[in-house]
Amino acid sequence: MNSHRRKLLQAIGGTGVVAAASPYLSFPAFAQNTPIRVGVIAPKAGIAGTIGECGLRGTMFAVERINATGGIAGRKVELIVEEETNPKDSIERLRKLVLQDKVDCVQGIVSSGVSLAMGAVAEEMKALLIFWDGTTQDGVKETMASPRYVFRSTDNECEAVMASLLAIKYWKGKFKTIAGINPDYSYGRNNFAAFQALLKKFGVEHKVVADQWPKVGTTDLNSHVAALKAAKPDLVFSSLLFADLPIFMRTAHGAGLMDGGTKFVFPAAGFQHTALKKSFTPEGMIFGHNTLYFDHKDASPLQKDFVKMYVDKYKDYPHWEADRAYFAMQVFKAGVEAAQKAKNAWPGKEDIISAMEGVKVQSLGGPGHMRKDHIAEQTFYQGLTTHKNGYDFPTLGTVDTMYSDRIQKPPGGDFWKWIETAQIKL
Amino acid sequence: MRTAVGVLVLASLAALFALPSVLSAYYITLVLPAVAYAIALLGFNLLFGYTGLLSFGHALYVAVGAYGAAVLSSKLGIKSFELVLLLSGAAAVAAAIPVALLSVRYEKIFFGILTLAFGMLFHSFLFKFYDITGGDTGIRVLRPSLFGNEFKDLDKTAFLVGPFYYYCVGLLAVLGFVMWRIVHSPFGLHLVASRENRRKSEYLGVRVRFFRLIAFSISAFYCAVGGAILAINTGQADPELAYWTHSGELVFMAVLGGFANFFGPLVGAFTFIFLKSELMGITQFWRFWLGLTLIVIVVLFPRGLVGLGQDLWTRLHRQ
C-alpha cells in the first residue's frame, strides 16, 4: 500500500472545471466543490503496524461509503496518510498535514506517548484533531483539561474496568491469589492498578503474588512466565496487546502455566485475536474485543458489511482500531453536516467543533457519541472464549456488552475517586 | 582556501536567515530540528571526527537537554531560554563527567559499548521513574521567552518560524564559531594528535585522558543545547530521545555529511532531516531507503557528502 495515499477524488464536474470557472463563483460555492481534506496519522511498521493498518482500512471503508453517497455535506473526502512513529517525528507529520497540505481535520494515533505530545501541539496550532486511540492518561488524570480542538477516544482504561467487572462477575470466590503481566508503561500500570482497585471495591479478597512488567514488544518472555508459574496464582491479569501477547500465550502454554486451572483475563486480546491460535489458547479466558467484536451474532448490517468486505479484501478479521477510525470519521462528518445545516452555509472550523460536541453516530461496533468534554463514549464487547467456531482461533462464547458510560469516568472526574465512589454495576 | 570557506559560511548563514521569506512555515519547522541537530553534531564530531572516539550513546545528552528544558519550563516555571540553555548544558556536563571519566580510559568498540550502556541506563531511568520523568509519556516543554520577550501575540507556529528560528540560527552561528576556534586551537590539535597516535602523543606530553574528558564534556554541552531546541520545537521531552536508535541517528548524520570535515556533520544534519521527511511522505519503506543511502555513502563515498563535493570541486578545478 502506498504511504502517501492521496486519493484525489474528483468533485462534481471535476476540480479543473471548477478552477476554470472560479472567477464566476462565490467562495462558498467553490469551497463546496473541492474535496474535504482529511489527514490520517497511523503506525505502519513495528509493533503497532498491524493495528495502524486495520485502522486505515476502517477509515478507507468510511470514506468510500461517504463518497459513494455524496460526500460530507456535498463535498467528497480526500485522504492524506502519514506515518505515526515517535512523538517528535509524528508532530512533524502533523505540522506537514496542517501547514503544508492544509487539511480540514487530522485523525489517527495509536500510541499514548504520541497522543499526549500531539494533543498539546494541535491545541496550540488550533488544528482539529480526532484521536482513534492512545488515550492512556498519566496516572489517569486529564493532561488536557478542556481541549478546544482535540477530540479523544474513550479512556484506554475502559477495557480494564470492563474485564475486571467480568472477572468479578464470573469468578468471585474462585480465586485468592492474583498475578499480573502487563506492558511496562502507563497503560499496563494503570490497567493492573484499576483491576486491583475494583477487586477492593467489590470486596474481593486477594493477594498479589507476582507482577511482571515486560517492555513493550519483548520477544522473549520465558523468565516472566517462569516467575508467574513459580508464584502459582489463581488468576493472571494481562493487558499485553501487541505482538508480545501471542508470544506470551505460546510461552505460557509451553511452560504449562495454563494446565492447572489458572484463570486468565486479557482486556485487550482483541488486537491479536487472529494470532492467538486454538492450539495454545485455551477456552474460558476473558478476552476484550473493545469497541468491535467481528463475530457478534447481533451485529448491525453496517458491521456485517464491513466484516464481509474486510474478509474478502484482506483475508483477515478486523479488530477495534477499524471501529475507532470509522467512528472518528463519522463524528467529523456528523459535525460538519450539523454545522452546515445550522448555518445554512459552509461552516468554519469553530462551527464544526461546536457541532461535534454531543454528536451521536452509528459506528461499526454500535452506537456512540462524542461528549461535550471531547471524550468519546462507545459500546464495548468482552466475554469468555470458546473453541466452538469455524476459525483456528478462539472467539467469544458469551458476549457481554457495556456502553462506556458504565466503565468510564464522567466529565471532569478523577478516575481513582470514580472507582471508589461510583455505583458500578457488575 | 580559508577565504572561500568564509564566504561559503557567510552565504549559508545568509541563506538560513532568508529562508522564512522563501519557504513555507512547514519547511521552516523542519529546518529547526536540522539546526538543533547541527549544533548537537558540532559537539558530537569533536569527539568522533577530531578525537577518534565514536560514541553510541550521545542521545543521552540530547535527552538531558530536552528534559532540562521540560523540567525548567513545566515544573520550575523558568521561561528564559538563555537560562534553560545554560542550566541544561550544565546538567549535561555534570552527567558527562562521570561517564567520561570511565569511558575515555578505553577506545574503539569498548568506548562505543560503554557510552551505549550509559545511554540505555539513562533511557531506563526516564522510562521507569514515572513520578520524576513522566515515564513513557514524558514531560511537556513550554514555550520559552527569548531575551525576556515572550512574544505572546504570536501563536506557537508563528513563534517557532519567527523569533525562535532566528534565535536558533544565531545560536548555531555563535556555537559554530566557538567550535571552529576550539578545533583549531592547541587543544584541538592535541585531540587530533591523540587520535592519530595515542602513545606517541602521550610521549610528547599530551594529557590524553584529560583532554578527552574535556572534549567529552564540551560535546555533551552542545548536544544538550541541541536537545533543548528539539524539545521546544516538539513541545515534549520523551524517553525515545535517549534511546540507542537516536544515538544511531547522530552517527548516521555525521557519516552522511562526512565526519572528517568540520562542516560535514552540519550538512549531514540538514540532509538527513529533509531526506527522512520526504521519504516518509513518499513511501512506507523509508527506513529501507535511509539504510540503503547509508550503505551507499559508506561504501562509495566514505568521506560523506562534503567529501564528495570536495572531490568534484577538485576535479572541476583541474579541468
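Residues numbered from 1 in each chain as written. Chains lettered and ligands numbered in written order. Predicted model: local features only at pLDDT ≥ 70, side-chain atom pairs only at ≥ 80, totals over all residues. Heavy atoms only, no water.

Draft legend 1. Summary view of the sheet that holds strand β5 (residues 150–151) of chain A. Residue and element names in this part refer to chain A. If you walk across this open sheet you meet the five strands as β2-β1-β3-β4-β5, and the pairing is parallel. Strands at the two margins of the open sheet, each flanked by one partner only, are β2 (77–83) and β5. Bridge analysis of strand β1 (residues 36–42) against strand β3 (residues 105–108) gives four bridges, and the strand direction is parallel. What sits directly across from Gly 39, in β3, is Val 106. Contacts between helix α3 (residues 49–68) and the sheet are confined to β1 and β2, with β2 contributing the most and set at about 170 degrees to the helix. Packing of helix α4 (residues 87–100) onto the sheet brings it into contact with β1, β2 and β3, and relative to β1 it is tilted by some 175 degrees. (Pairing = 2+ DSSP bridges. Helix = DSSP H or I, 4+ residues; strand = E, 2+ residues; numbered from the N terminus. Contact = heavy atoms within 4.5 Å. Axes fitted to C-alpha atoms, helices over the stretch in contact; angles between N-to-C directions.)

Draft legend 2. Representation of the domain arrangement of chain A in the model. Residues and elements named next belong to chain A. By the assigned domains, chain A splits into domain 1 (15–154 + 299–377) and domain 2 (158–290 + 379–421). When each unit is reduced to the centre of its C-alpha atoms, the spacing between domain 1 and domain 2 is 30 Å. Taken residue by residue, the interface counts 28 residues in domain 1 and 32 residues in domain 2. For the pair domain 1 and domain 2, the summed buried area comes to about 2400 Å², and 58% of that belongs to carbon and sulfur atoms. The interface formed by domain 1 and domain 2 contains zero salt bridges. At the junction of domain 1 and domain 2, the tally comes to 11 residue pairs in polar contact (both at pLDDT 80 or more). Mapped onto the side of domain 1 that touches domain 2, the elements with two or more residues apiece are α11 (320–343), β12 (367–370) and β13 (376–377). For the side of domain 1 that touches domain 2, the residue count by class is 10 nonpolar, nine polar and nine charged. (Domains from an automatic or database assignment. Buried area = accessible area lost by both parts, 1.4 Å probe. Salt bridge = Lys/Arg side-chain N within 4 Å of Asp/Glu carboxyl O. Polar contact = N/O pair within 3.5 Å; in protein donor to acceptor, adjacent residues only side chain to side chain. Nonpolar A, V, L, I, M, F, W, Y, C, P; charged D, E, K, R; others polar.)

Draft legend 3. Geometry of the packing of aromatic side chains. Residues and elements named next belong to chain A. Evaluated as defined, the whole model comprises 45 aromatic pairs over all chains. Relative to Phe 287, the ring of Phe 266 has its centre 5.9 Å away and its plane inclined at 90 degrees; by these criteria the two rings are edge-to-face. Residue Phe 266 is located in strand β9 (residues 263–266), and its partner Phe 287 is located in strand β10 (residues 286–290); the two are separated by 21 residues in the primary sequence. The exposure class of Phe 287 is buried, given its relative accessible area of 1%. (Phe/Tyr/Trp six-rings, centres within 6.5 Å; stacked < 30°, edge-to-face > 60°. Buried < 20%, exposed > 50% of the residue type's maximum accessible area, 1.4 Å probe, protein only.)

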